[in-house]
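Here are the chains, one letter per residue:
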Amino acid sequence: MKPSRLALACLASLALCSSLFAPATRAQLSIEITGAGANRLPLAVADFSGERIIAQALTSVVRADLDRSGLFRLIDTGSPLAFDATPPYADLKQRGADAVASGSIAAAGDGRYQTQVRLADVPKQAVLGTQAYVHTGTQLRTTAHRISDFIYEKLTGERGVFSTRIAYVVKSTGRYELQIADADGGNPQAALASREPIISPVWSPDGSKLAYVSFEAKKPVVYVHDLASGRRHVAANFKGSNSAPAWSPDGKRLALVLTKDGNSQLYLVNVDGSGATRLASSAGIDTEPRFSPDGAYIYFTSDRGGSPQIYRLPATAGGTAERITFEGNYNVTPRPSPDGKSLAYITRTNGRFQLALMDLATKQAQILTDSAKDESPSFAPNGRMILYATEINGRGVLAAVSSDGRVKQKLSVQAADVREPAWGPLVN
Amino acid sequence: MSTPLSATTKVVLLSLTLLLAACGSQPPAPEQNPAGVESRTPAAAAPVTADTVGKFDPLSAAALKDPRSPLSRRSIYFDYDSFIVKDEYQTLLATHGKFLAANPAMKMLIQGNADERGSREYNLALGQKRAEAVKKALLLLGGREDQLEAVSLGKEKPACTESTEECWGKNRRADMLYSGEF
């Protein structure tokens, strides 16, 4: 692209360009696709019609979203296609497209835009759905993600997660930042910066808050942080260590680990920090609690049997723990899937720590990665992908793998360690 | 220095001098690594500061940072997957226990640590077990419950960052911090 044209377009639309083209104030996660699904649906996303720079920016985000999912093979259409124009079905069929998305973006006054999108089935020459959005220039990326969600859901029958956000910790020299970004790594913002470590961020079920562990007081303390206001409060700061928070599905309580009565043990507290009650008692370590999506069980890691293994316990105090993992001598960090049918966790095999997925009905487990230092898995809210931390060439990166192990992505930040990912809930 | 120093004291003095020069906030270097220390002989000539000369009261607060005092030794190292305080640390812990008893206003934060392998939260629990083991020992040796807090830094604050057995050994550690140091 010629710089002069870009500059002109930017002058015409200052607010938009500052958000689209200005160098990011903080290092952004870049995503590399390292594996894709076996049967990808051939999909054409035509350039939307409208002001060229803006339409292209929008379309490129939509294409990148859908491509990254690993479920689509993007077909080039050659020319823009307006929302209300009949797609050139014969040509699209020849190019191999099964579906075509087209759209228009137009100024709607007050600096706002109206974007319309249409999805059509190419072999049937039938419209699958239409959608319209009114948005500002700065909401262009958000709108693109919503369009991606619309296309994804129409074509796969499951919710898209392109509009969701992720949280993660970036460690650079002497500095830790808890960052929030769009699911594609865009628009990163720091919720907290500290000279001391930050670990174990978890999203509240409504996506408005994060609970996490910060070491700023020279010991682990659990905080609950409201993202809109930036205000936070201490949820647990008892004598000893306070860690491993997990939200109850109703968002009212946290399961967490306290050591006030000796070894690391499971407790429940109200989100305001009141009413700490002990959930279980063991002679060893109990940690990493996670509620099942229906709230009935708490999965956790315990060394009560001699090696760290995953157990589950009824979420009401006083129940009996049931052991879940039996293979190997190191199975930790249980994360139930959003449908409650499977369990992601980290298993150690021959000194390698790898992400595994267990079908909870059959207890069959499968290792999903070929890396060696996997940690902290986090399901996408539609259950399709699992985001986790790993290490490549001595540097912390995030990676994502589909629950069938086929689609693989790597998310990294230049010259910094990224760790402790947490995928946020579905929005709206 | 007219009093002859024991070999151990020399090593401790040397490692402390090196560490203080390098980074004041780091816990003392492991005493198990004399080879590395001896190879850096020029630092042996580092001047003795005013604090370390003069009258030596073994149970005064000044002794905490006095390299001649065992109280300046703050780290307890553990074997792999172990939470047992080794016998070699009994004398050191007894000295700290005596100090805590003699200075009832003094508090101690015991920070347990773990090596880098595995889950962050599980390592936090492992570090906690190490801190608790040191706390239990000190409770038997003169420390009071309200003086002692055992916490864990897990694998978050490694003293050594290489993926080697030697390095991991330095990170399986509990550090004792006194009032004013945390």
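No experiment lies behind these values; they were computed from the predicted model shown. (Residues numbered from 1 in each chain as written. Chains lettered and ligands numbered in written order. Predicted model: local features only at pLDDT ≥ 70, side-chain atom pairs only at ≥ 80, totals over all residues. Heavy atoms only, no water.)

Caption draft 1: View of the overall build of chain B. Across its full length, chain B holds five helices and four strands. Tracing chain B from N to C terminus, the helices and strands come up as α-α-β-α-β-α-β-α-β. Buried positions account for 49% of the 182 residues belonging to chain B. For chain B, restricting intrachain contacts to residue pairs at least 6 apart in sequence, the fraction spanning at least 24 positions comes to 70%. By element, 59% of the accessible surface of chain B is carried by carbon and sulfur atoms, the whole surface being about 8,800 Å². (Helix = DSSP H or I, 4+ residues; strand = E, 2+ residues; numbered from the N terminus. Buried < 20%, exposed > 50% of the residue type's maximum accessible area, 1.4 Å probe, protein only. Contact = heavy atoms within 4.5 Å. Areas by Shrake-Rupley, 256 points an atom, 1.4 Å probe, with all protein chains shown as cover.)

Caption draft 2: Just helix α3 (residues 90-102) of chain B, in detail. With 13 residues, α3(B) extends 18 Å from end C-alpha to end C-alpha; this agrees with the ideal 18 Å at 1.5 Å per step. Those residues of α3(B) that are buried are in contact with β1 (75-77), β2 (108-113), α4 (120-140), β3 (148-154) and β4 (173-178) of chain B. (Expected span 1.5 Å × (residues − 1).)

Caption draft 3: Broad picture of the interface of chain A and chain B. Across the boundary between the two partners, chain A contributes 35 residues, which contact 30 residues of chain B. On the surface where chain A and chain B come into contact, there are eight salt bridges. Between B:R120 and A:E420 there is a salt bridge, with its nearest N and O atoms 3.3 Å apart. Between chain A and chain B we count 19 residue pairs in polar contact (both at pLDDT 80 or more) in total. Elements with a minimum of two residues in the side of chain A that touches chain B: β10 (198-203), β14 (242-247), β18 (286-291), β22 (331-336) and β30 (417-423) of chain A. Tallied by class, residues from the side of chain A that touches chain B come to 13 nonpolar, eleven polar and eleven charged. (Salt bridge = Lys/Arg side-chain N within 4 Å of Asp/Glu carboxyl O. Polar contact = N/O pair within 3.5 Å; in protein donor to acceptor, adjacent residues only side chain to side chain. Nonpolar A, V, L, I, M, F, W, Y, C, P; charged D, E, K, R; others polar.)

Caption draft 4: Examining the pattern of salt bridges more closely. Considering all chains together, one arrives at 34 salt bridges over all chains under this definition. A salt bridge links A:E196 to A:K218, with the nearest nitrogen and oxygen atoms 3.1 Å apart. Residue A:E196 is located in the loop between β9 (189-194) and β10, and its partner A:K218 is located in the loop between β11 (209-214) and β12 (221-226); the two are separated by 22 residues in the primary sequence. Judged by its relative accessible area of 12%, A:E196 is buried. Between B:D79 and B:K86 there is a salt bridge whose closest N-O contact spans 3.1 Å. Looking at B:D79, the relative accessible area reads 40%, which means it is partly exposed. Classification of B:K86 as partly exposed rests on a relative accessible area of 23%.

Caption draft 5: Here's a closer look at the sheet that holds strand β6 (residues 126-136) of chain A. All names here are of chain A. Sheet architecture is open: five strands sit in the order β3-β2-β4-β5-β6, paired in mixed fashion. In this open sheet, the two strands that pair with only one neighbour each are β3 (72-75) and β6. Going across the sheet, the axis of each strand differs from the next one's by a mean of 25°, ignoring polarity. Pairing between strand β4 (residues 99-109) and strand β5 (residues 112-121): ten bridges, direction antiparallel. (Pairing = 2+ DSSP bridges. Axes fitted to C-alpha atoms, helices over the stretch in contact; angles between N-to-C directions.)

Caption draft 6: A look at the packing of α3(B) against α4(B). Residue and element names in this part refer to chain B. At a minimum axis distance of 8 Å, the contact between α3 and α4 shows a crossing angle of 60°. Taken together, α3 and α4 sit at an angle that is classed as oblique. Of the two possible hands of crossing, α3 and α4 adopt the one that is right-handed. Two secondary-structure elements touch here, α3 through L93, H96, G97 and L100 and α4 through V134, A137 and L138. Split into classes, the residues belonging to the contact of α3 with α4 amount to five nonpolar, two polar and no charged. (Parallel < 35°, antiparallel > 145°, perpendicular 65-115°, else oblique. Left-handed = near helix turned anticlockwise from the far one by under 90°.)

Caption draft 7: Layout of the sheet that holds strand β15 (residues 253-258) of chain A. Residues and elements named next belong to chain A. Strand order in the open sheet formed by four strands is β14-β15-β16-β17, and the pairing between neighbours is antiparallel. Of all strands in the sheet, those bounded by a partner on one side alone are β14 and β17 (277-278). Pairing analysis gives four bridges linking β14 to β15, with the strands arranged antiparallel. Counted as the bridge partner of S243 is V257 from β15.

Caption draft 8: Structural detail: the nonpolar core. Counting residues in each nonpolar core, the largest one holds 26 residues, and the members touching the most others are A:L43, A:V45, A:F48, A:V62, A:L66, A:I147 and A:I151. Elements with a contribution of two residues or more to this core: β2 (41-45), α3 (52-68), β4, β5 and α5 (140-156) of chain A. At seven residues, the largest contribution of residues to this core is made by α3(A). Not counting residues within four places of it along the chain, the set of residues in contact with A:V45 comprises A:T59, A:V62, A:R63, A:L66, A:L74, A:I75, A:T77 and A:A101. Ranked by size, the runner-up nonpolar core spans 25 residues in total, among them B:L71, B:Y89, B:L93 and B:L148. (Core = buried A, V, L, I, M, F, W, Y, C linked by side-chain atoms within 4.5 Å.)

Caption draft 9: Up close: the packing of aromatic side chains. Residues and elements named next belong to chain A. In the structure shown here, the tally under the stated rule is seven aromatic pairs over all chains. Ring geometry for Y212 against Y223: centres 5.9 Å apart, planes inclined by 25°, an arrangement best described as stacked. Taken together, the residues span a long stretch of sequence, with Y212 in strand β11 and Y223 in strand β12 at a distance of eleven residues. The burial state of Y212 is the same as that of Y223; both residues are buried. Grouped by ring-pair contacts, the aromatic residues F72, Y152 and F162 constitute a single cluster. The aromatic ring of Y223 is capped on one face by R232, whose charged end is 3.9 Å from the ring centroid. Positioned over the ring face of Y311 is R304, at 5.3 Å from the centre of the ring. (Phe/Tyr/Trp six-rings, centres within 6.5 Å; stacked < 30°, edge-to-face > 60°. Lys NZ or Arg CZ within 6 Å of the ring centre and 35° of its normal.)

Caption draft 10: Spotlight on the layout of surface pockets. A volume near 880 Å³ is recorded for the second largest pocket. Lining the second largest pocket are 39 residues, and of these A:V202, A:W203, A:R290, A:P336 and A:W423 lie nearest its centre. Mapped by element, the contributors of at least two residues to the lining of the second largest pocket are β10, β14, β18, β22, β26 (375-379) and β30 of chain A together with α4 of chain B. No other element matches β26(A), which puts five residues into the lining of the second largest pocket. (1 Å grid on protein atoms, 1.4 Å probe; cavity = no way out; pocket = protein on both sides within 12 Å on 5 of 7 lines; lining within 4 Å. Points joined across faces, edges and corners; volume = space filled by probe spheres on them.)

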